[in-house]
Amino acid sequence: MLFRSIMERRTRSGGKKSSTFVLIFAQPRTGSSFLGQLFNQHPDVFYLYEPLHPFAVFKKLKYIAERNYTTLTRLFLRNASICNFNGFQEYFNFLSHPGLSNPHFVLSSRSLASLPFCKYAFQPFKNLFKPLSKCSPLDANLVSLNCKSKKLVALKILTHRLPEENLKDLVEGNSLRPQKIPLKTIQLVRDPRAVVWSMIKMGLISRGTKNYTRTELNKKGRNSTFHPPNINFIPGFSFIEQVRRFCDRLKKDMNLSSYLSSKLGPDQYRVIRYEDLAENILEFSRKIFQFTGIDYAAEVKEWLRNINFDEKRHSNDELSYSTSNRNTSVTINSWRKELSLLETLIIDNQCADFMVKFGYKFIESANLLKNMAKSLRNPLRKNFHTM
């Protein structure tokens, strides 16, 4: 095949150094798809969207034992870091089969959804099934060659799919290798209250609220043990429990942040707050590529000029981004118009440790909640590895 021979010559010529390996991890509903797509637009980047998802499916279907998930994903990440996918042909067979895998996982990667695998390059989030008819099954060897031909390899992974020991294996195992891999890690975080509101919109969290009438509140008020709030929405117990479970999951982000800060310097690990990125997309994007050691390509700048952070839901439950020119400060603060004061206080209470660590302010009054001119972010500590 012509493309195969071209890439083989390209990877052999000039004693090519190892590609920089960038690992992006974040909780769901934090804007991580956007951050991943930022790398996906760069012509010198080999990008994989949620590459551990197939292993989660294999585990759910009992195709692999649960205890083997960590081992297999560790092996996959090790091999991805050196662009060697030759032992993962079954993995790519799964990704290539539209009846088994959601085509979104292939179409979200230009490296997998363009030449030599597909006749045309396809945009993610659009026309999911028809484009794959123009694509041949993914060949593990050819994917490896494609990966090796790029200057940078980027993987975007949701935190709950990334075993902590596998991240530690990448960090600590790298120091033992004869030829160290240029490793970069980016952790994306977002205000928990905004994430909860996004999850409510997606149906992932049920508010369990009751809109009490004035008469009902008056009746309840006669009970000395009942203290009606200043708002009408009263969250149910199920909402509180769901928020508690969500905030418990954020403890993993805190643990990983503490670990990476202790093991890696600012040249290898950075934290990005979604809100900081959204407020200054162009400048932050420039800093991100500067951190990863790759140029701020014209293709990326062009894509950014036509994109914004207006989240929309598609039928496959993935995020897309509109091309409207809405003020991003309005977008990042939309939750403040929708969540009630009591709902916000519940999230503040349950996620307090996370909010303190990553510089999110607590809500002290209904006026503060609804006053969009007031920022709800503190400057991060000086010793924090931020952009």
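Here the structure is shown first, and the text comes after it.
The structure contained in this document is the topic of the report that follows. (Residues numbered from 1 in each chain as written. Predicted model: local features only at pLDDT ≥ 70, side-chain atom pairs only at ≥ 80, totals over all residues. Heavy atoms only, no water.)

## A short note on the side chain of Asp-253
Filter applied, for reference: For the purposes of this entry, the term helix denotes a DSSP run of H or I that reaches at least four residues, the term strand denotes a run of E that reaches at least two, and both are numbered from the N terminus. Under the scheme applied here, a residue whose accessible area is under 20% of the maximum for its type counts as buried, over 50% as exposed, and between as partly exposed, the area being computed with a 1.4 Å probe on protein chains only. For the purpose of charge, His is not counted, nor are the chain termini; Lys and Arg are scored as positive and Asp and Glu as negative. The term salt bridge refers to a pairing of a side-chain nitrogen on Lys or Arg with a carboxyl oxygen on Asp or Glu at a separation within 4 Å. Contact criterion: two residues are considered in contact whenever any of their non-hydrogen atoms come within 4.5 Å of each other.
Note on placement: Asp-253 falls in helix α11 (residues 237-263). Lys-252 provides the closest opposite charge to the buried, salt-bridge-free Asp-253, at an N-O distance of 7.7 Å. Contacts of Asp-253, omitting those with residues within four sequence positions, involve Gln-27, Thr-159, Gln-187, Phe-354 and Phe-358.

## Brief notes about the sheet that holds strand β1 (residues 20-26)
Put simply, the rule is: Should DSSP find at least two bridges between two strands, the strands are taken to pair. Axis definition: a line fitted to C-alpha atoms, over the contacting stretch in the case of helices. Angles run 0 to 180 degrees between N-to-C directions.
Read across the sheet, five strands follow the order β2-β3-β1-β4-β7 without closing on themselves; strand pairing throughout is parallel. Two strands bound the open sheet, and with one partner strand each, they are β2 (45-49) and β7 (269-273). The mean inter-strand angle of the sheet, taken between neighbouring strand axes irrespective of direction, is 20 degrees. In terms of strand pairing, β1 meets strand β4 (residues 183-189) through six bridges, oriented parallel. Residue pairing across strands places Phe-21 opposite Leu-183, the latter belonging to β4. Where helix α4 (residues 66-81) meets the sheet, it contacts β1, β2 and β3 (152-158), and its direction lies at approximately 155 degrees from that of β3.

## A word on the environment of Gly-31
Examined against the element boundaries, Gly-31 turns out to sit in the loop between β1 and α2 (32-40). By relative accessible area, which is 4% here, Gly-31 ends up buried. In this structure the C-alpha to C-alpha distance between Gly-31 and Leu-277, which are 246 residues apart in sequence, comes to 9.7 Å.

## Overview of the state of the cysteines
Using the following cut-off: We call a pair of cysteine sulfur atoms a disulfide whenever their separation is within 2.5 Å.
A complete count under the given rule lists three disulfides for this structure. Cys-83 shares a disulfide with Cys-147; S-S distance 2.0 Å. Negative torsions about the S-S bond denote left-handed disulfides, and the value of about -55 degrees found for Cys-83 with Cys-147 makes this one left-handed. With a gap of 64 residues between them, Cys-83 in the loop between α4 and α5 (89-96) and Cys-147 in helix α7 (residues 140-148) connect regions that are remote in the sequence. Between Cys-247 and Cys-351 runs a disulfide, and the two sulfur atoms are separated by 1.8 Å. Taking the torsion about the S-S bond as the criterion, the Cys-247 to Cys-351 disulfide, at about -75 degrees, is left-handed. On the criterion of sequence distance, the pair formed by Cys-247 in helix α11 and Cys-351 in the loop between α17 (341-350) and α18 (352-357) is long-range, its members being 104 residues apart. Comparing Cys-247 with Cys-351, the two get one shared label, buried. When the cysteines engaged in disulfides are numbered in sequence order, the protein pairs them as 1-4, 2-3, 5-6.

## Let's talk about the packing of aromatic side chains
Rule in force here: Only Phe, Tyr and Trp rings are paired, with Trp represented by its six-membered ring, and only when their centres lie within 6.5 Å; those with planes under 30 degrees apart are stacked, over 60 edge-to-face, the remainder tilted. Counting as a charge over the ring demands two things of the Lys NZ or Arg CZ atom: a distance within 6 Å of the ring centre and an angle within 35 degrees of the ring normal.
Scanning the entire structure with this criterion turns up 17 aromatic pairs. With 4.7 Å between their ring centres and 45 degrees between their planes, Phe-354 and Phe-358 make a pair best called tilted. Judged by relative accessible area, which is 0%, Phe-358 ranks as buried. By the ring-pair criterion, three or more aromatic residues cluster together here, those being Phe-46, Phe-55, Phe-58, Tyr-63, Phe-76, Phe-85, Phe-88, Tyr-91, Phe-92 and Phe-94. Here Lys-168 stacks its cationic end above the ring of Tyr-259, 5.3 Å away from the centre of that ring. One cation-aromatic arrangement involves Lys-287 over Phe-284; the distance from NZ or CZ to the ring centre is 5.7 Å.

## A closer look at the pairing of β1
β1 sits mainly inside the fold: seven of its seven residues count as buried. Every second residue of β1 is oriented toward a common face, with Thr-20, Val-22, Ile-24 and Ala-26 on one face and Phe-21, Leu-23 and Phe-25 on the other, all of them buried. As paired strands, β1 and β3 are joined by seven bridges and run parallel to one another. Looking at β3, one finds that Leu-23 is bridged to Leu-155.

## Regarding α2
For α2, the buried fraction is high: nine of the nine residues fall into the buried class. Considered for burial, the residues of α2 that qualify are Ser-32, Ser-33, Phe-34, Leu-35, Gly-36, Gln-37, Leu-38, Phe-39 and Asn-40.

## Topic: the pairing of β2
Among the five residues that make up β2, five are buried, leaving the element largely enclosed by the rest of the structure. Where burial is concerned, the two faces of β2 agree: the one with Val-45, Tyr-47 and Tyr-49 and the one with Phe-46 and Leu-48 are both buried. Here β2 runs beside β3; their pairing, made up of five bridges, is parallel. Note on β3: the bridge partner recorded for Tyr-49 is Lys-156.

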